[in-house]
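Fold and geometry: a report
Chain by chain, the residues:
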Amino acid sequence: RVSAVVGLEAAEARVRELETFRRLSAEAQQQMEAQIESATSDSDRFQSELLEAKGWLAEEVEQRDLKEGARTEDVQKREREAREAAAYAHSLEAELAQAR
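Presented here is a report on the structure given in the accompanying data block. (Residues numbered from 1 in each chain as written. Predicted model: local features only at pLDDT ≥ 70, side-chain atom pairs only at ≥ 80, totals over all residues. Heavy atoms only, no water.)

**A word on the overall build of the protein chain**
The helix and strand tally for the protein chain stands at one helix and zero strands. Computed over C-alpha atoms, the radius of gyration of the protein chain comes to 42 Å, more than 25% over the 13 Å expected from 2.2 N^0.38 for 100 residues, which places it beyond the range of a compact globule. Its C-alpha atoms put the protein chain at 145 × 15 × 5 Å along the principal axes. When the 100 residues of the protein chain are sorted by exposure, 0% land in the buried category. For the protein chain, the exposed surface amounts to about 9300 Å²; the carbon and sulfur share of it is 55%. (Helix = DSSP H or I, 4+ residues; strand = E, 2+ residues; numbered from the N terminus. Rg over C-alpha atoms; globule rule 2.2 N^0.38 Å. Buried < 20%, exposed > 50% of the residue type's maximum accessible area, 1.4 Å probe, protein only. Areas by Shrake-Rupley, 256 points an atom, 1.4 Å probe, with all protein chains shown as cover.)

**What to know about the pattern of salt bridges**
As enumerated under the stated definition, the model contains seven salt bridges in all. Residue Glu 17 pairs with Arg 14 through a salt bridge whose shortest N-O separation is 3.3 Å. In this pair, Glu 17 and Arg 14 both sit in helix H1 (residues 2–99), three residues apart, roughly one turn of the helix. On the accessibility criterion, Glu 17 (47% relative accessible area) is partly exposed. By relative accessible area, which is 47% here, Arg 14 ends up partly exposed. One salt bridge in this structure joins Asp 74 and Arg 78, with 3.4 Å as the shortest N-O distance. Of this pair, Asp 74 and Arg 78 both sit in helix H1, four residues apart, roughly one helical turn. A cluster of three or more residues bridged by salt bridges with shared partners is formed by Asp 42, Arg 45 and Glu 49. (Salt bridge = Lys/Arg side-chain N within 4 Å of Asp/Glu carboxyl O.)

**What to know about a nonpolar patch on the surface**
Residues Trp 56, Leu 57 and Val 61 make up a contiguous nonpolar surface patch of about 300 Å² in total accessible area. If you trace the backbone, Leu 57 turns up in helix H1. (Patch = residues over 30% accessible without salt bridge, like charges linked within 9 Å, V, L, I, M, F, W, Y side chains within 5 Å.)

Note that all results are geometric; they support no functional claim without further evidence.
Below you can see the structure in the form of structure tokens.
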């Protein structure tokens, strides 16, 4: 009878240990799920910020390229005008030389 009581107490202690283990496991799982959810949220936010930064960068590059293109066109126009002016001056010099 004593051994049955001892065995019953040991079984009850084991049940309490298992219940504690299950409770702690459930708490740990909830914490892990919360951490995963938080990490997913952070990841989504960082992804959104990254896409926003990429968009901003693309706009900046496009604006720079447009400005550089406008500068290039302006330089080309001025070079063309300078060549035309030099050609006109040369033709005037030629006419002046003939007139003398």
